[in-house]
Amino acid sequence: MKVEIVTEKIDAGFLLKLKGDVDMNTSSDVRSALAEVFKQGSSGMKAILIDLSQVRYMDSSGIATLVEVMQNCMKKGARLRLFELSPPVRDVFELARLASVFEIFANRNEAVSGL
Amino acid sequence: MTDEGRGTRDDINHQTETVTLTVPSHPKYLYVIRSALYPVVVDAGFSKKEARRIVLAVDEACSNIIKYAYEGDHSKLIALNVIVEKTKLVIELKDSGKKPDVSKINPRKLDDIRPGGLGTHFMAEVFDNVRYNTSGDAGTILTLEKRIHDVRGSV
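Conventions used here
- Residues numbered from 1 in each chain as written.
- Chains lettered and ligands numbered in written order.
- Predicted model: local features only at pLDDT ≥ 70, side-chain atom pairs only at ≥ 80, totals over all residues.
- Heavy atoms only, no water.
- Helix = DSSP H or I, 4+ residues; strand = E, 2+ residues; numbered from the N terminus.
- Rg over C-alpha atoms; globule rule 2.2 N^0.38 Å.
- Buried < 20%, exposed > 50% of the residue type's maximum accessible area, 1.4 Å probe, protein only.
- Contact = heavy atoms within 4.5 Å.
- Areas by Shrake-Rupley, 256 points an atom, 1.4 Å probe, with all protein chains shown as cover.
- Pairing = 2+ DSSP bridges.
- Salt bridge = Lys/Arg side-chain N within 4 Å of Asp/Glu carboxyl O.
- Axes fitted to C-alpha atoms, helices over the stretch in contact; angles between N-to-C directions.
- Expected span 1.5 Å × (residues − 1).
- Arc of directions from axis to C-beta.

Moving on to the overall build of chain A. Of regular secondary structure, chain A possesses four helices and five strands. Along its sequence from the N terminus, chain A presents helices and strands in the succession β-β-α-β-α-β-α-β-α. Its C-alpha atoms give chain A a radius of gyration of 13 Å, near enough to 13 Å, the size a compact globule of 115 residues would have. Across its three principal directions, the C-alpha atoms of chain A cover 35 × 25 × 20 Å. A buried classification covers 52% of the 115 residues belonging to chain A. For chain A, the share of sequence-separated contacts (at least 6 apart) that also reach a separation of at least 24 residues comes to 68%. Element-wise, carbon and sulfur atoms account for 48% of the exposed surface of chain A, whose accessible area totals about 5300 Å².

Written out as structure tokens, the structure is:
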């Protein structure tokens, strides 16, 4: 199974929409897409938003990818905001007890608010 | 089976049932294991949420086999046995790769926020028992057990 990644430029930075399975086989694709975002964003990027509503499955490699992105965002003074976590994504966040580590929002409107 | 509820087993006195699947040790086949395992687990009596967590933990175990036992070699095999007993679910994963040092397998501390190392935590969190058998000539048998809390009253 593959993951589809749609990247959209928004005022505050970039919004990525992930669709499919983010696992050991596909997390490198997500990592590459995010590396490209960091390359394009360079300085002045306020935030990266990630829509997780269409993620059917996420494993620890997906979590690891998001942790890396969060750390890169912190280095660049940008925010990482996740929104609309699908039930399988919520499961892995709960198990990893990482929900309090990330900025998580119910929907896109809330995620862009205040940026 | 209700939409978000537990699965119910048709035969209250059902006997042990075993589902066996062998896949190559390539990450693209993890999807095959997940797809095969999920309906079996729901049918065994677990809720959809519980089933998703069980599938996640097994998927992590398979990822660890690919990464550590086979060291990224995709030409090997992973054998999965799913045994549904009256009161428990038993999942066996067999590989023929490098044996782990079981004394060094520890779920990492969750306050250590860093990429990686979550798989063993997921297994310990989801399953009641996690056992590594490295006594064979080659490879490891990982056994994961979880009690079935059946809607009909059996524990």
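Bringing the pairing of strand β3 (residues 88–95) of chain B into the picture now. Residue and element names in this part refer to chain B. Looking at chain direction, strand β2 (residues 77–84) and β3 are connected through six bridges and run antiparallel. By the bridge assignment, I83 is partnered in β3 with V90. Linking β2 back to β3 in an antiparallel pair, the connection comprises three residues. As judged from the eight bridges shared by β3 and strand β5 (residues 140–147), these two strands associate in the antiparallel manner. Paired with I91 across the strands is L144, a residue of β5.

With that settled, the discussion passes to the pattern of salt bridges. Side-chain pairs of opposite charge can arise where the charged atoms are in close proximity. This structure, assessed with the given rule, holds 17 salt bridges over all chains. Here R31 of chain A ties to E68 of chain A by a salt bridge, and the two come within 2.8 Å at their closest N and O atoms. Of this pair, R31 of chain A sits in helix α1 (residues 27–41) while E68 of chain A sits in helix α2 (residues 60–76), and the two are 37 residues apart along the sequence. Residue R31 of chain A is classed as partly exposed on the basis of its relative accessible area, which comes to 33%. The shortest N-O distance in the salt bridge between E103 of chain A and R79 of chain A comes to 2.9 Å. Here E103 of chain A is found in strand β5 (residues 103–105), whereas its partner R79 of chain A is found in strand β4 (residues 79–83), with 24 residues between them in sequence. Put simply, D21, D23 and R56 of chain A together with R34 and D59 of chain B are held in one network by salt bridges that share partners.

Residues and elements named next belong to chain A. With mixed pairing, five strands are arranged side by side in an open sheet as β1-β2-β3-β4-β5. Looking along the sheet, the strands with just one partner apiece sit at the ends: β1 (3–10) and β5. For this sheet the average axis-to-axis angle between neighbouring strands, irrespective of direction, equals 25 degrees. When β4 meets β5, the two strands line up parallel, connected through three bridges. The partner of L82 across the bridge, within β5, is I104.

A separate point is α1 of chain A. All names here are of chain A. End to end, α1 covers 21 Å across 15 residues, agreeing with the expected 21 Å (1.5 Å per residue, within 8%). Among the residues making up α1, those that are buried are S27, V30, A33, L34, V37, F38 and G41. One face of α1 carries all of its buried residues, which in axial projection span an arc of 145 degrees. Those residues of α1 that are buried lie in contact with β1, β2 (13–22), β3 (47–58) and α2.

Note that every value here comes from positions in space, so none of it alone points to a role or purpose.
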